Amino acid sequence: MVFSQPKKTEYLIYKNAYYLNKTQDIDDFTKIYSHYKNGAFNKPIGNDIYDNIDKNKSKWLLIKLPKQLKEDSYFTIWHQYFKSVEIYQIKNDTILKLHSIDNLQNFSYKAINFRLPTWKIEKGNNIELIIKIENSISLFTKKFLLLNENEFLEFVQKDGYFTMFLLTFFIILLLINLFLFLDQKRWSFITYGFFLIFTFLDLFAYKSLGVKYLWGDSPFLIVNLKTMFQLLGFSFLILFQLSFYGKKRIPKYFNSFLKFFIGINSLLLLLFLSKIYHSNFSNIKSISWVVLQLEIIFMIVFHVYLAFKNKIPKYLAVGFTIPLFFYQIRTLYNPETEISILTGLLLDNAQYIATALELVFITYFIISEILQEKRMASILKQENLALKNSFQDNLLQLQLKERNQLINAVHDSFGGNIEALKINLLGNIHQKKSEIEKIVNSFYKEYRFLLNTIFTPKINVENLIENLNDLCLKLNTLSKIDIQSHFHLNDTFLKQEDTYHIYLIFSELLTNGIKYSKASHILVSMVTENQFIILKYIDNGIGFDTTFIPKNGFGLHNIKERIALLNGTTKIESSKNNGVTITMKIPRNETNKNSNS
């Protein structure tokens, strides 16, 4: 279509644009001119913007300009990569081959993009253009502009605004990512940075700025570099997701697919490079396009799944969906001629605008994840400090409690013996030696007994039973009570803290049983039964009324506290002169749970 902008943008004389109605591929202009004279240009090009043509074959068309062209104008083919374009002007039966203008010479103050080849048409009457187009791809864009100088420069300026906005936006996101990397030092930000760089270069190639400023007019780079940038950008996007999302978010089968796509992209890039030296891979660009479409569809499904499973926020899935939506609009939607230049610019840039929006969502997600991690770190730090302070307070209380117990034990064990010794030594100097020796022996026995009960060895699950047997053996030698033991654990894992509590439970039961039970026989045992560890204490002593536990009470308060820490239960069976049976049940799954936490 040809459109102009006298007051508002509109298509002009698209009904007067025609294809050559010949199927053969003709390169000789003499033959084409003969066909022109014979009226062979009679197939309307239609009013759709996009059309399919045979790849790498010449396409001829005729455009009849307005009968009176009152001022010099500029004919521009909007956004198309051609192998070659030739334009012949026919004016009053005079043939003139036109040459595209040089943007540096003709418009030194306004840059004309390489992708907008432009020819100057001098004013006159009954001008017709015969155009030969050799395209490198099968999709042909029929967007033709015929504008005066001011209109043309205004169009170039608008197009430049879109381009500079997108390029600047990508640069800002790249700088934000750089600051994030310097702050976090994470590999994922390097991969995301390369994704931004190749997206930037993709746009640079799409706008033909690379041809103008970086890699020149190399045919290989002009045709292939944009697709190569897309493959590289997509690969680094996958690497970023594998690193930043982590195994907690990505299921194993998705992880395998993502790595597979990286491998396929790497192979395609190698084939592109080999194409420099071998022409056997002429279809590699088409294959790459199909692969990229599959990867985009997979990425959409992947993010919809993650959002559905609440592994990522839903806005991120929307962000990855939008570019595909606009890409499909650009490739599948074929607008008719009645669109303005502004609409054309929006369609032309829609995919990259959507990509910019996608990058905003990704960057926001990255920043929100970092802030969330910092908030969690701060909360954990505060909780750790609170736990540390609580532990210190509990430790002080425990030390005070143990100290008081030790003082009471020393007073109970040594106080009576010291007082008796004092009376016998000072009250009667002729006291029999045997009485004093008896008191000293009792003193020494109490001293050894106290040491064995307050001493706690370093205990773990491997040596718990050995230490319990050793405790029973020592206490057996220090008392007149027959102490028997039976300890056995079947493949039960205990934390060191759990073993410590179990050891102290038996130590306190035996100590208080020896002191207060007046028993002749004590049995202690520890066995596993189904999902429980069963601890038992049995003696044949004087017992007590369980409805009124005496002050000494076998230290039952401390024992119940320790059993409660192990999420266990305590059952006491006793009556006067019928001994004591204490059964404690500790869930095995609780101890294992504690050990795994």
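Preceding this section is the structure that the text describes.
Residues numbered from 1 in each chain as written. Predicted model: local features only at pLDDT ≥ 70, side-chain atom pairs only at ≥ 80, totals over all residues. Heavy atoms only, no water.

### Section: the overall build of the chain
Which entries qualify depends on this criterion: In DSSP terms, a helix is any run of H or I states spanning at least four residues, a strand is any run of E spanning at least two, and both are numbered starting from the N terminus. Each residue gets one of three labels from its accessible area relative to the maximum for its type: buried under 20%, exposed over 50%, partly exposed in between, using a 1.4 Å probe on protein chains only. In this analysis, two residues are considered to be in contact whenever any of their non-hydrogen atoms come within 4.5 Å of each other. Using a 1.4 Å probe, the Shrake-Rupley method yields the accessible areas, and only the shown protein chains count as cover for residues.
Within the chain one finds 15 helices and 20 strands. Burial statistics for the chain: of 597 residues in total, 45% are counted as buried. A fraction of 76% describes how many contacts in the chain between residues 6 or more apart in sequence connect residues 24 or more apart. When the accessible surface of the chain is split by element, carbon and sulfur atoms take 57% of a total near 32400 Å².

### Digging into the nonpolar core
Selection rule: To define a nonpolar core, start from buried Ala, Val, Leu, Ile, Met, Phe, Trp, Tyr and Cys residues and group those joined through side-chain atoms within 4.5 Å.
Counting residues in each nonpolar core, the largest one holds 59 residues, and the members touching the most others are Tyr-245, Phe-302, Ile-362 and Ile-366. Excluding its chain neighbours within four sequence positions, the residues that come into contact with Ile-362 are Tyr-192, Phe-195, Leu-237, Phe-240, Leu-316 and Phe-320. Listed in part, the 34 residues of the second largest apolar core include Ile-514, Val-524, Val-580 and Ile-582.

### Thoughts on helix α4 (residues 187–206)
The test is simple: What a helix should span is 1.5 Å times the count of its residues minus one.
Between its first and last C-alpha, α4 extends 29 Å over 20 residues, near the 28 Å set by a 1.5 Å rise per residue. Buried residues dominate α4, accounting for 16 of its 20 residues.

### Comments concerning a negative patch on the surface
Quick note on the threshold: Patch membership requires more than 30% relative accessible area and the absence of a salt bridge. Residues of like charge join within 9 Å; the nonpolar side chains Val, Leu, Ile, Met, Phe, Trp and Tyr join within 5 Å. Whenever Lys or Arg places a side-chain nitrogen within 4 Å of a carboxyl oxygen from Asp or Glu, that contact is recorded as a salt bridge. Neither His nor the chain termini are counted; the positive set is Lys and Arg, and the negative set is Asp and Glu. To locate a charge, take atom NZ for lysine, CZ for arginine, CG for aspartate or CD for glutamate.
Taken together, Glu-71, Asp-72, Glu-122 and Glu-149 make up a surface patch of like negative charges. Within the element layout of this structure, Glu-149 appears in helix α3 (residues 149–184).

### Structural notes on the environment of Asp-491
The residue Asp-491 is located in the loop between β16 (482–487) and α13 (496–516) in this model. Residues Asp-491 and Thr-528, spaced 37 residues apart in sequence, show a C-alpha to C-alpha distance of 9.2 Å.

### A closer look at the sheet that holds strand β19 (residues 569–574)
Just so we agree on the cut-off: Only strands that DSSP links by at least two bridges are regarded as paired with each other. Each axis is a line fitted through C-alpha atoms, and for a helix only the stretch in contact is used; angles between axes span 0 to 180 degrees, taken between their N-to-C directions.
Taken in spatial order, the five strands line up as β16-β17-β18-β20-β19 in an open sheet, and their pairing is mixed. Of all strands in the sheet, those with a lone pairing partner are β16 and β19, marking the two edges. Each neighbouring strand pair of the sheet contributes to a mean axis angle of 10 degrees, computed without reference to strand direction. In terms of strand pairing, β16 meets strand β17 (residues 521–529) through six bridges, oriented parallel. Looking at β17, one finds that Ser-485 is bridged to Val-524. Contacting β16 and β17, helix α12 (residues 464–478) crosses the sheet at an angle of about 175 degrees to β16. Packed onto the sheet, helix α14 (residues 556–565) meets β18 (532–539), β19 and β20 (580–587) and runs at close to 150 degrees relative to β19.

### Section: the pairing of strand β15 (residues 144–148)
Extensive coverage of β15 is indicated by the burial of five of its five residues. Looking at chain direction, strand β8 (residues 73–77) and β15 are connected through five bridges and run antiparallel. Counted as the bridge partner of Ser-73 is Asn-148 from β15.

### Regarding the packing of α13 against α14
Threshold: In these notes the angle categories are as follows: under 35 degrees is roughly parallel, over 145 is roughly antiparallel, 65 to 115 is roughly perpendicular, and the rest is oblique. Note on convention: the crossing is left-handed when the near helix lies turned anticlockwise from the far helix by less than a right angle, right-handed when the turn is clockwise. Charged residues are taken to be Asp, Glu, Lys and Arg, nonpolar residues to be Ala, Val, Leu, Ile, Met, Phe, Trp, Tyr, Cys and Pro, and polar residues to be all remaining types, Gly included.
Their axes nearest at 10 Å, the elements α13 and α14 cross at an angle of 160 degrees. Comparing the axis directions of α13 and α14 gives the class roughly antiparallel. In this structure, the crossing between α13 and α14 has a hand that is left-handed. Contacts from Tyr-500, His-501, Leu-504, Ile-505, Glu-508 and Leu-509 of α13 reach α14 at Asn-558, Ile-559, Arg-562, Ile-563 and Leu-565. Here the contact of α13 with α14 is built from residues that sort into seven nonpolar, two polar and two charged.

### What to know about the packing of helix α7 (residues 252–274) against helix α8 (residues 284–308)
Here α7 crosses α8 at 160 degrees, and the two axes come no closer than 11 Å. The angle between α7 and α8 places the two elements in the roughly antiparallel class. For α7 against α8, the interelement crossing comes out left-handed. Residue-level contacts link Tyr-253, Phe-254, Phe-257, Leu-258, Phe-261, Ile-264, Asn-265, Leu-268, Leu-271 and Phe-272 of α7 to Ile-284, Lys-285, Ile-287, Ser-288, Val-291, Glu-295, Phe-298, Met-299, Phe-302 and Tyr-305 of α8.

### Observations concerning a nonpolar patch on the surface
Together, Ile-171, Leu-175, Leu-178, Phe-179 and Leu-182 make up an exposed nonpolar region whose accessible area comes to about 480 Å². Mapped onto the fold, Phe-179 is located in helix α3.

### A closer look at unusual backbone geometry
Here the phi dihedral of Asn-92 falls at roughly 55 degrees; this positive angle occurs in a residue that is not glycine. On the basis of relative accessibility, which here comes to 58%, the residue Asn-92 falls in the exposed class. In this model, Asn-567 sits at a positive phi of 60 degrees, which is unusual for a non-glycine residue. With respect to the element layout, Asn-567 can be found in the loop between α14 and β19.

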